[in-house]
Amino acid sequence: MNTSKDIEIIPFSQDLKEHIKTLNIAWLEKYFKVEEKDKLTLSNPQEEIIDKGGMIFYARHNGKIIGTASLMKVNDSTYELSKMAVSDEAQGLGIGNKLLEHCINVAKENNIATLFLYSNTILLPAIHLYRKFGFVEIPLESGIYERADIKMEKKIS
């Protein structure tokens, strides 16, 4: 696996629901800790994301799911970019880039005006990626995620 052109981005389906959990838990345990809010969302992606008007996408390479990202609906014009994770073996191959590009294109197609995200400034490659795609830092409210020390948003339209 050495090129992102062999990567396809596919939508959520019930048979893939475990992947959002396994990819995100591995990532969270590596850098932070799994919070109760994470457990609820990741264990019930259909109910917590899809049924509430959100979307989940997966990056697939040779039949294997190696990344995921979600758009969680806040209201008709605002979605949170969330639950983005790439497997360790696929790090550095442009998977996050491809997932983020896909999420932004979907936002445009669905007339979503604003995407925002929570992150942590120790995740330099992630912050760099978000800035490259036009996300800018905005004030962070407290109490969302213990691990979040930065909030960023991108105006789509």
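Note that the structure is a prediction, hence the values are computed from the model and not measured.

Peer 1: Would you take a moment to explain the layout of surface pockets for this structure?
Peer 2: Leftover empty space is mapped by rolling, across the atoms, a probe with the size of a water molecule. Of the pockets and cavities examined, the largest pocket occupies roughly 780 Å³. Its residues assigned to classes, the lining of the largest pocket comprises 21 nonpolar, 10 polar and five charged. A volume near 180 Å³ is recorded for the second largest pocket. Lining the second largest pocket, in full, are H19, T22, L23, A26, W27, K30, Y31, I65, V86, S87, D88 and Q91. With seven residues, helix α1 (residues 17-31) is the largest single contributor of residues to the lining of the second largest pocket.

Peer 1: Explain the side chain of R147 to me, please; I cannot follow it from the model alone.
Peer 2: Among the secondary structure elements, R147 is positioned in the loop between β6 (136-138) and β7 (150-155). Overall, the relative accessible area of 14% leaves R147 in the buried class. The residues touching R147, leaving out its near neighbours within four places in the chain, are W27, L28, F32, K33, E35, D38, K83, S119 and N120.

Peer 1: Looking at this structure, how should I read the environment of Q46?
Peer 2: Looking at the secondary structure, you find Q46 in helix α3 (residues 45-50). With a relative accessible area of 21%, Q46 lands in the partly exposed category. Those residues within four positions of Q46 in sequence are excluded, and the remaining contacts are F12, Q14 and D51. Within polar-contact distance, the side chain of Q46 engages the side chain of Q14 at 2.8 Å.

Peer 1: Please clarify how the pattern of salt bridges should be interpreted in this entry.
Peer 2: Should the charged atoms of two oppositely charged side chains come close, the side chains can pair. Within the structure shown, the criterion is met by 13 salt bridges. E8 is the salt-bridge partner of R60, the closest N and O atoms lying 2.9 Å from each other. Placement of R60 in strand β2 (residues 55-61) and of E8 in strand β1 (residues 8-11) is noted, with a sequence separation of 52 residues between them. The class of R60 is partly exposed, set by a relative accessible area of 27%. Close ionic contact of K39 with E36 constitutes a salt bridge, the shortest N to O distance being 3.1 Å. You can see K39 and its partner E36 sitting in helix α2 (residues 36-43), three residues apart, about one turn around the helix. Look at E36 and you get exposed, because its relative accessible area is 58%.

Peer 1: What is the right way to look at unusual backbone geometry in this model?
Peer 2: In most cases, non-glycine residues show a negative phi, while peptide bonds are predominantly trans. Positive phi, close to 50 degrees, is recorded for N62, a residue that is not glycine. For N62, the position within the fold is in the loop between β2 and β3 (64-75). Residue N62 is classed as exposed on the basis of its relative accessible area, which comes to 70%. Of note, N111 is a non-glycine position whose phi angle comes to about 55 degrees, a positive value.

Peer 1: Please explain the sheet that holds β6 as it appears in this structure.
Peer 2: Strand pairing in a sheet takes place through backbone hydrogen bonds and is either antiparallel or parallel in direction. Pairing is mixed across the open sheet formed by seven strands, whose spatial order is β1-β2-β3-β4-β5-β7-β6. Strands at the two margins of the open sheet, each flanked by one partner only, are β1 and β6. Here the average twist between neighbouring strands, direction ignored, is 30 degrees. For β6 and β7, the ladder comprises three bridges, and the chain directions are antiparallel.

Conventions we followed
- Residues numbered from 1 in each chain as written.
- Predicted model: local features only at pLDDT ≥ 70, side-chain atom pairs only at ≥ 80, totals over all residues.
- Heavy atoms only, no water.
- 1 Å grid on protein atoms, 1.4 Å probe; cavity = no way out; pocket = protein on both sides within 12 Å on 5 of 7 lines; lining within 4 Å.
- Points joined across faces, edges and corners; volume = space filled by probe spheres on them.
- Nonpolar A, V, L, I, M, F, W, Y, C, P; charged D, E, K, R; others polar.
- Helix = DSSP H or I, 4+ residues; strand = E, 2+ residues; numbered from the N terminus.
- Buried < 20%, exposed > 50% of the residue type's maximum accessible area, 1.4 Å probe, protein only.
- Contact = heavy atoms within 4.5 Å.
- Polar contact = N/O pair within 3.5 Å; in protein donor to acceptor, adjacent residues only side chain to side chain.
- Salt bridge = Lys/Arg side-chain N within 4 Å of Asp/Glu carboxyl O.
- Pairing = 2+ DSSP bridges.
- Axes fitted to C-alpha atoms, helices over the stretch in contact; angles between N-to-C directions.

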